[in-house]
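# Fold and geometry: a report
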Amino acid sequence: DAKTTQPNSMESNEEEPVHLPCNHSTISGTDYIHWYRQLPSQGPEYVIHGLTSNVNNRMASLAIAEDRKSSTLILHRATLRDAAVYYCILRDVASNTGKLIFGQGTTLQVKP
Amino acid sequence: DSGVTQTPKHLITATGQRVTLRCSPRSGDLSVYWYQQSLDQGLQFLIQYYNGEERAKGNILERFSAQQFPDLHSELNLSSLELGDSALYFCASSGHPLGNSPLHFGNGTRLTVT
């Protein structure tokens with residue numbers, strides 16, 4: 001499974017945008033970039049995924065570099081509820097399992 | 001609410017015992033995944049089933065086993081429990097493994113082995 005690298009922790013102020021980076025220099029052509037987050041005392045929660053183009057949904061935006069070796073999850077206005085561990089995961093669409101391999105993720109703190 | 005139900009929420013047992021964790025997937029999902037989360041190891045993939053058959057195996061100990069039943073619910077059996085098995089165990093479900101249907105996670109079973 002191709003690996004991702006994320007900062008261990010980040011801080012943000014409430015109501016400001018947050019940019020969470022992820023490096024994946026060994027990404028393959030069939031790897032999709034997935035983001036999940038885990039709020040305290042809960043199971044992981046799907047956030048967004050993409051292949052090449054930037055993606056937007058109601059939770060966040062995903063910006064993917066042209067060479068696909070890095071991506072950034074963007075929370076447009078952080079709230080206290082966004083404090084969580086954010087995981088960037090490569091998922092091979094050609095794989096016959098669909099399993100996710102989690103790394104250590106980025107712990108996001110949001111200050112009021 | 002993810003639609004994935006895990007029972008029990010908490011389980012306290014002694015070393016050497018055996019326990020069964022249960023997972024009901026989201027309606028319509030055929031794939032079930034089990035994960036273990038401990039403080040020092042993070043989220044570890046254990047095993048996956050698709051429509052009743054084992055599809056992928058991760059870092060699952062020989063003392064652990066799982067199955068998926070015809071009604072698609074799944075059980076994770078942990079035997080000869082050790083202190084180090086204390087962890088949160090998550091179940092997730094999704095649609096067909098090929099493609100990008102997201103995984104939906106339950107809120108976990110917290111196992112404490114004393």
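Here, the structure is the one placed above.
Keep in mind it's a predicted model, so treat the numbers as computed, not measured. (Residues numbered from 1 in each chain as written. Chains lettered and ligands numbered in written order. Predicted model: local features only at pLDDT ≥ 70, side-chain atom pairs only at ≥ 80, totals over all residues. Heavy atoms only, no water.)

## Looking at the interface of chain B and chain A
Rules: Contacts were defined at the residue level, with two residues in contact if any of their heavy atoms lie within 4.5 Å. When two parts are put together, the accessible area they lose, computed with a 1.4 Å probe and summed over both, is reported as buried area. Throughout this description, the term salt bridge denotes a Lys or Arg side-chain nitrogen within 4 Å of a carboxyl oxygen of Asp or Glu. Any N or O atom pair separated by 3.5 Å or less is treated as a polar contact, with the protein-specific requirement of one donor-capable and one acceptor-capable atom, and with residues adjacent in sequence counted only for side-chain atom pairs. The secondary structure listing takes helices from DSSP runs of H or I that are at least 4 residues long and strands from runs of E that are at least 2 residues long, numbered from the N terminus. Classes in brief: Ala, Val, Leu, Ile, Met, Phe, Trp, Tyr, Cys and Pro nonpolar; Asp, Glu, Lys and Arg charged; the others, Gly included, polar.
Each partner contributes residues to the interface: chain B has 19 residues there, and chain A has 21 residues. Summing both sides of the interface, chain B and chain A together bury roughly 1,700 Å²; the carbon and sulfur share of this comes to 53%. When the buried surface of chain B facing chain A is broken down by residue, Leu43, Asn100 and Phe105 of chain B rank first, second and third, together holding 33% of it. Applying the counting criterion to the chain B and chain A interface returns 0 salt bridges. Counting across the chain B and chain A interface gives 7 residue pairs in polar contact (both at pLDDT 80 or more). At the level of elements, strand S4 (31-38), strand S5 (42-50) and strand S6 (53-57) of chain B are the ones that each hand at least two residues to the side of chain B that touches chain A. Considered class by class, the residues forming the side of chain B that touches chain A number 11 nonpolar, 7 polar and 1 charged.

## Points about the state of the cysteines
Quick note on the threshold: Two cysteine sulfurs form a disulfide in these notes if their separation is within 2.5 Å. Buried, partly exposed and exposed residues are distinguished by accessible area as a fraction of the type maximum, computed with a 1.4 Å probe on protein chains only: under 20%, between the cut-offs, and over 50%, respectively.
All told, the structure shown has 2 disulfides over all chains when counted by the stated rule. Through a disulfide, Cys22 of chain A is tied to Cys88 of chain A; the S-S separation comes to 2.1 Å. Because the torsion about its S-S bond is -85°, the bridge between Cys22 of chain A and Cys88 of chain A counts as left-handed. With Cys22 of chain A in strand S2 (residues 18-23) and Cys88 of chain A in strand S8 (residues 84-92), this residue pair connects regions lying 66 residues apart in the sequence. Each member of the pair Cys22 of chain A and Cys88 of chain A is classed as buried. Each disulfide pairs two cysteine sulfurs, and for Cys23 of chain B the partner residue is Cys91 of chain B, the sulfurs being separated by 1.8 Å. The sign of the S-S torsion, about -55°, decides the handedness of the disulfide formed by Cys23 of chain B and Cys91 of chain B: left-handed. Here Cys23 of chain B, found in strand S3 (residues 19-24), pairs with Cys91 of chain B, found in strand S9 (residues 87-94); they are 68 residues apart in sequence, far enough to count as distant. Take Cys23 of chain B and Cys91 of chain B: they sit in the same class, and that class is buried.

## Let's talk about the pairing of S6 of chain B
Residues and elements named next belong to chain B. Where we set the bar: Strand pairing is defined by DSSP finding a minimum of two bridges between the two strands.
In terms of strand pairing, S5 meets S6 through 4 bridges, oriented antiparallel. Bridged to Tyr49 within S6 is Glu54. Linking S5 back to S6 in an antiparallel pair, the connection comprises 2 residues, with Asn51 at a positive phi of about 50°.

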